[in-house]
Amino acid sequence: MVKIKHDKCGLCVGCVSVCPYESIFMINGKIEVFKECTDCGICIQFCPADAIEIEKNFYAEEINEG
Amino acid sequence: MKDKYDVIIVGAGPAGSMAAYEIAKEGLDVLLLEKDRSVGIPVLCAEGITTEGMERFFNIKDIPKQWVSATIEGAIAYSPQGRKMVVHHPEAGYVLERKIFDRDIAMRAVDMGAHLFTSAMATGLEYDNDVLKGVFVEYKGERKFIQTNIVIGADGVESLVGRWASISDPLRLQDVDSCVQITMRGIDVQEGYAEFGMGNDIAPGGYFWIFPKGKNWANVGIGVNPAIAQEKAIYYMNKFIEKRFKRYSVVEYITGAVPVKPLKNISGNGVLLCGDAARLADPLSGGGIANAMWSGSFAGKVAAQAVKEDNYTDKFLSKYDDMWNKAYGKEMKLRETVKNIYLKMNDKRLEELYEIINDIVGGKTVSSLDSTEMVFKVLKHSPKVLKWGVEDLLKMINM
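Just so we're clear, the structure is a prediction, and the values are computed from it rather than from any experiment. (Residues numbered from 1 in each chain as written. Chains lettered and ligands numbered in written order. Predicted model: local features only at pLDDT ≥ 70, side-chain atom pairs only at ≥ 80, totals over all residues. Heavy atoms only, no water.)

What follows concerns the packing of aromatic side chains. Evaluation of the coordinates by the stated rule reveals 19 aromatic pairs over all chains. Ring centres of phenylalanine 25 of chain A and phenylalanine 34 of chain A lie 6.2 Å apart, and the angle between their planes is 65°; this geometry places the pair in the edge-to-face category. A relative accessible area of 23% places phenylalanine 25 of chain A in the partly exposed class. One aromatic cluster is present, formed by Phe57, Phe58, Trp67 and Phe101 of chain B through successive ring pairs. Across the ring face of tryptophan 294 of chain B, the terminal group of arginine 56 of chain B is positioned such that the distance to the ring centre comes to 3.5 Å. One cation-aromatic arrangement involves arginine 108 of chain B over tyrosine 21 of chain B; the distance from NZ or CZ to the ring centre is 3.6 Å. (Phe/Tyr/Trp six-rings, centres within 6.5 Å; stacked < 30°, edge-to-face > 60°. Buried < 20%, exposed > 50% of the residue type's maximum accessible area, 1.4 Å probe, protein only. Lys NZ or Arg CZ within 6 Å of the ring centre and 35° of its normal.)

Set out below in structure tokens:
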């Protein structure tokens, strides 16, 4: 699932407009990502403010390193 | 809020408010829903509109002073290498104060009889055998079902109404510009002149703009095409600001998505889309206010007719598509074609094109900037442009 960096987000909802999986919405004035997210990254490519990133899986990283 | 309305409009921006006005004017019962707490806030816009776009609805002499931040009397354009061209165009347009403008035209619709609520979010449409039965609305923590046979989606670029009605799909990256804008105070700007700049290193697939709102403040922004740009809009913005402004204060910071490819169909079963929801921003400039008001007003007229004739089929409602296409479809297509040519130009080409346009209008005073006329002038001035992959454009202007 992608992660929103709320302090950078400009709330333009462009990510909502481009998401092919309808898995990102503005809820109560905040952008939220839902479980249907496939990490396709289109929202990341669109985001003018660089406010979206792929959330790194902590355990996967540990396995890779370990 | 009642249980039943003749028409429900989702979104109280310029498109929705103009539609509501037209419907209320016909004596019909219309509900206007705004998901935000206040009409007009937040402003997601560079606030520029041409005089032509404004005078379609308002007598220029009667425009309230508080709607207008500043008037635009010309343009300054920069080439990729930074060369500067000035074109004087008296009464070219306005930089609006959208917070006030949006609220006033929503109230204008209310005064005509429309019923407006804020913090009211549409959450879905209900169909029964392809016939629209109503809208689900969340208002003050309650979920309501409100009956209607026709909905106007004026809910912006992220339109959910369009998706619920299966009229629009998610935007493709190449069809939307990624934008950042800062309203700056305490800067040097040339009052009355809108500035534009282009270049593949400056704003790939888009341009930067400075729309003065007064003598020391302006909406300063940049838009890039995310399918072309290597970096985020904010990266190009920071680079531009560093070069241009030694010191500035930030009054407002916004990001934005501007649709640059209109939808093929803007109506469906029981649903009409207008403004950014129908992706009717100008493909070339990205300007959306004029087309939003225009399409909203058409949508209102067609919706009122549908109610009077009790006919909400997609066939009947396609009158709205016809009306829009007849009024502006050709110009829209021309602008889209020019935009596509622009997207393929490298900086060397852009510099050449800049030179040609500078020869034609640089330093001069013009009274209009008609795009078809400009295309003809460019081709006449420099037939070499014919070799720049402009076949689609030539077909369109019958050359």
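Quick look at the environment of lysine 364 of chain B now. Residue and element names in this part refer to chain B. Structurally, lysine 364 is set in the loop between helix H8 (347-361) and helix H9 (371-381). Put simply, lysine 364 and lysine 326 are 38 residues apart on the chain and 33 Å apart in space, counted from C-alpha to C-alpha. Leave out the neighbours within four places in its chain, and lysine 364 touches Val86, Val87, His88 and Asp359. Looking at lysine 364, its side chain comes within polar contact range of the main-chain oxygen of isoleucine 360, at 3.0 Å. (Helix = DSSP H or I, 4+ residues; strand = E, 2+ residues; numbered from the N terminus. Contact = heavy atoms within 4.5 Å. Polar contact = N/O pair within 3.5 Å; in protein donor to acceptor, adjacent residues only side chain to side chain.)

Quite often, the size of an interface is put as the accessible area lost when its parts meet. The interface of chain A with chain B comprises 22 residues on the first partner and 21 residues on the second. Both faces combined, the contact of chain A with chain B buries some 1,700 Å², and carbon together with sulfur accounts for 62% of it. If you sort the residues of chain A by the area they bury against chain B, Ser17, Phe46 and Pro48 of chain A come out on top, with a joint share of 32%. Where chain A meets chain B, there are one salt bridge. Where glutamate 22 of chain A meets arginine 163 of chain B, a salt bridge forms, and the shortest distance between an N and an O atom there is 3.3 Å. Our enumeration of links across chain A and chain B arrives at eight residue pairs in polar contact (both at pLDDT 80 or more). Broken down by secondary-structure element, the contributors of at least two residues to the side of chain A that touches chain B are helix H1 (14-18), strand E2 (24-27) and helix H2 (42-46) of chain A. (Buried area = accessible area lost by both parts, 1.4 Å probe. Salt bridge = Lys/Arg side-chain N within 4 Å of Asp/Glu carboxyl O.)

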